[in-house]
Amino acid sequence: MGIATILAWIISFFISDEMVEALSSSFQNFYNKYTRSENPKIVPQPDRREIYIVPVNAAGDDQEQHDQQHLLQRYRPKTRKSFVFSTKQLCQVKDSKWQIMRQNKMRPFVGPCCSVCIPHMTKNREKVVSNLKNMLDLYNIGTVEKSMFGYFVDNLKFFYQLKSQEYKYIYNEVLEDELVVKTISAVAREACADDSADGGKRFTKELEIQWKNTNYILSVMSAKVKNWVYKFIGWFTFRAVSTLATSLVVQPSQIDRVREAEQSGLPVIYLPLHKSHMDYILMGLVLTMHNIKPPLVAAGENLRVFFISKLLSYLGAFYIKRQIDTKKDQLYWSILGSYIKNSMKNGHHIEFFLEGARTRSGKCCVPKSGLLSIIVDAYREGVVEDAWIVPVSMNYDKILEGNFVREQLGQPKKKETFFAAILTFIKAVCSHYGIMRVDFNVPYRLRDLYESIDKISKLENEMSVKEGMEKVPENIQYKNTVDRMAKHIVYDCWKSTAIMSTNAVSFLLLKKYRNGTTIEQLAKELSIMRDKLSQCDRDIGFSGNSKDVVQYALSLLGPKLVAHEKNNEGYVVKPILNLSSLIELSYYANSLLSHYLHQSIVALALSKLVCPEFWNKSMIETKISRNDLMECVQFLTDLLQFDFIFIKPCDNLDSIVDSVIRHFEAEEIILMDMLLDEEKRSRKLARILDSDSEDDYQQPYIEFDIKYRVSANENSLNKIKYYRSIMMPYLECMAESAGSFLALSSDSVPEHEHVQTVLEQMQNNLDEGILIHGESISVETIKHSFLAFEKFGCLSIIVKDNIKTLSMVSKGLEDLNPSMQTMSDYIEEIVKQIN
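Predicted, not measured: the structure shown is a model, and the values here were computed from it. (Residues numbered from 1 in each chain as written. Predicted model: local features only at pLDDT ≥ 70, side-chain atom pairs only at ≥ 80, totals over all residues. Heavy atoms only, no water.)

(A) Main features of a positive patch on the surface. On the surface, a cluster of positive charge is contributed by Arg406, Lys414, Lys427 and Lys560. For lysine 560, the position within the fold is in the loop between helix H21 (546-557) and strand S12 (562-567). (Patch = residues over 30% accessible without salt bridge, like charges linked within 9 Å, V, L, I, M, F, W, Y side chains within 5 Å. Areas by Shrake-Rupley, 256 points an atom, 1.4 Å probe, with all protein chains shown as cover. Salt bridge = Lys/Arg side-chain N within 4 Å of Asp/Glu carboxyl O. Lys, Arg positive; Asp, Glu negative; His and termini not counted. Charge placed at Lys NZ, Arg CZ, Asp CG, Glu CD. Helix = DSSP H or I, 4+ residues; strand = E, 2+ residues; numbered from the N terminus.)

See the structure below:
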């Protein structure tokens, strides 16, 4: 007889029946207390399902649902099981394991405010109960009950009963704006400045012309919102999205915060990242379905096509030029600024995309701060007391547009037309796009962000003056502040974007398994990735068994991007390695760059600084200097500054590298040489004495360089190569671009001609095997390389008659401004092939 059995028998012998009942009640109360949902608003449903990959319960879809169920096991009821404690059973020996109760899943708190810039609204590493909802399933969102008329009538009734919002037409307010009136007069006066003979009549005539221009610009620009159109299009969009997608996932707690911001009476500025034309459609749909007033949306003039332009105007779109020169287009800029400011003043909310256009590469773009400066001006001028900033991140299993391969390869963008839109819609209806995800970051005050960033800009200005540099003019300092605000918002938004299944699978195929792998191995790597992302508080936009997720993602990517082959080991999946497929796969994989960006940059710097013997495993370890590492990382961030936002304005590169070093230490890639205890104590004592000294004598500053030991075992080498490969396509493109200038027969060339030259050169090198990553071929990155070379002093870009000319800077410059030959050699040393 075992000891556990004897103890159980003794306890049951001395406990009476009354005590058994009392203990049973106590255990039951204790269980109920600590297993109840933390959020009192969340009531556990008897038939909860995994909403990530659950299709809409529409009539007539039984067979389709059965097929999808077989593929992904989507119907997995999570009924809350009742568990009654019995002390008699508790005291008995159990031969089998106790059943593990499944608790509500805790998810990362998506989109928290910056702890430096908005500390009073920061919620550090907070997690919330997973109560994500599928907006396409009206019966499960808690606002619609089933009726005898069926699903179609129920959702039609739901949209009909939505709250009608008030939209004031502000046409006259803009025309009467003091700034607009002054600008009209100034433009008219400037137009007739050369006519001194009859200036009065010419000025009057020119003034009439400018007023007509103003009326025309404003009539084209203005939104003409109609509630009945909003409700009808909302219903139509809901039905269309239900056909296209499996789920439209939102977090109700995020919606509650947005509603609180809207009810404060201040204007709300929605700033989404721009992936697809579906962005503003989905955001408007989500807000409408929650009876939150949708914003006026800044739309490009390219969308002004037959019928669609009128329809979008009724839905709140106001049209702006894609490119505005504030000096040449003074009148247009003043009208646009007045329209946005008066809209905010009259209770309208505003939505625009800081990135400008849709991303063609899948990563976020460096923002343009023109429209944001109008919002900040409205606050500084007192037009509005303040405003709420709401960054919005959206992600898709698969984008509606298909891909941007043509544009990445330098072909002109197709013009938007009515028939093209209809054709796209018909094509979309015949396809499946998986899950669509909308996340609203925590709203925060515009004033808080502006004052924090402005304070940083002023401190830097003061420091530069103390170092003998010229003081930055106030207008330039203000522009820098707004630019930093825009980068801060985009950086935070990109970091909080949920990772979808196609993002993760595409990333693994391109970075780890370009030559193919089994589904089982891919699922194993996906599980490891999910755990690491969750540990870093990144939200995962999918759930379920990793093997099922892999099969689901592969079915969405399709045979054009992923091949299935059979060999001796069984079925193998591998990415299609032709150029167009690689570019499209990289689009989905690049969503994960936000997580691996810093690790990859440091790994690239490490791979440059170690000696060649390091890769041959002929040594156990090698040492590198922190100063050399920081210098190389600084070069890489400067080189890629037009492709990525590496650092928030309130952060610094030292802290970023330190965090990566700690991460690499945990992965046993590098180890820091620890100082002797005596030396550390001596340094600390010296700093204390130096700070307390009142002597005017200035102590010499001694900089200590830290040495890092880089491990050369096989595990460490593989990890460095893996992290290195993540950013390698962009470095390869930079290397090809720099090398192309060395072969020029003249010192200058038109930009559009040289872009085509670089593209042809890269495609030839890819065919010959010189270029490793086909996804590195990108017009966007090539053009950004020209801007980076100009910053380094290797290139001069001259714009004349809207034509850009690239001119080589004379060679033989100092190291701080390297020539193109030096630049090319340095980049080639980083991208050199490693065995």
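Picking up after the structure, the text goes on.
(B) Up close: helix H9 (residues 227-244). If you check H9, its first and last C-alpha atoms are 25 Å apart, about what 18 residues at 1.5 Å a residue would give, namely 26 Å. All of the buried residues in H9 are Val229, Tyr230, Lys231, Ile233, Gly234, Trp235, Thr237, Phe238, Ala240, Val241 and Leu244. (Expected span 1.5 Å × (residues − 1). Buried < 20%, exposed > 50% of the residue type's maximum accessible area, 1.4 Å probe, protein only.)

(C) Spotlight on a nonpolar patch on the surface. On the surface, Trp228, Phe232, Phe236, Ile422, Phe425, Ile426 and Val429 cluster together to form a nonpolar patch covering roughly 710 Å² of accessible area. When contributions to the nonpolar patch are tallied by element, the ones reaching two or more residues are H9 and helix H16 (418-429). Per-element accounting of the nonpolar patch gives the leading share, four residues, to H16. Mapping tryptophan 228 onto the fold places it in helix H9. Since its relative accessible area comes to 62%, tryptophan 228 is described here as exposed.

(D) Region of interest: unusual backbone geometry. Positive phi values are uncommon outside glycine, yet aspartate 537 reaches one of about 60 degrees. Examined against the element boundaries, aspartate 537 turns out to sit in the loop between helix H20 (519-535) and H21.

(E) The environment of lysine 226, seen in detail. With respect to the element layout, lysine 226 can be found in the loop between helix H8 (199-221) and H9. Residue classification places lysine 226 among the partly exposed residues on the basis of a relative accessible area of 34%. On a C-alpha basis, the gap between lysine 226 and glutamate 166 in space is 9.2 Å, while along the polypeptide they are 60 residues apart.

(F) How the structure looks around the sheet that holds strand S18 (residues 795-800). Strand order in the open sheet made by the three strands is S17-S19-S18, with antiparallel pairing throughout. Strand pairing shows two members of the sheet lacking a second neighbour, strand S17 (748-750) and S18, which therefore form its edges. Along the sheet, successive strands turn relative to each other by an average axial angle of 25 degrees, direction set aside. Here S18 runs beside strand S19 (residues 803-808); their pairing, made up of six bridges, is antiparallel. Its bridge partner being in S19, isoleucine 797 is matched across the sheet by leucine 806. Here helix H28 (residues 751-768) sits on the sheet and contacts S17 and S19; the angle it forms with S17, its principal contact strand, is near 90 degrees. (Pairing = 2+ DSSP bridges. Axes fitted to C-alpha atoms, helices over the stretch in contact; angles between N-to-C directions. Contact = heavy atoms within 4.5 Å.)

(G) Fine view of the pairing of S19. As judged from the three bridges shared by S17 and S19, these two strands associate in the antiparallel manner. Opposite valine 749, over in S19, you have leucine 806 as the bridge partner. Taking the residues that link successive antiparallel strands as the turn, the S18-S19 hairpin has two residues, and the phi of aspartate 801 there is positive, at about 55 degrees.

(H) Quick look at the side chain of serine 607. Checked against the element boundaries, serine 607 lands in helix H23 (residues 593-609). Within the local environment of serine 607, its side chain forms a polar contact with the backbone oxygen of leucine 604, the two atoms lying 2.7 Å apart. Polar side-chain contacts of serine 607 include one of 3.1 Å to the side chain of arginine 724. Those residues in contact with serine 607, other than ones at most four positions away along the chain, are Trp615, Arg724, Ile830, Lys832 and Ile834. (Polar contact = N/O pair within 3.5 Å; in protein donor to acceptor, adjacent residues only side chain to side chain.)

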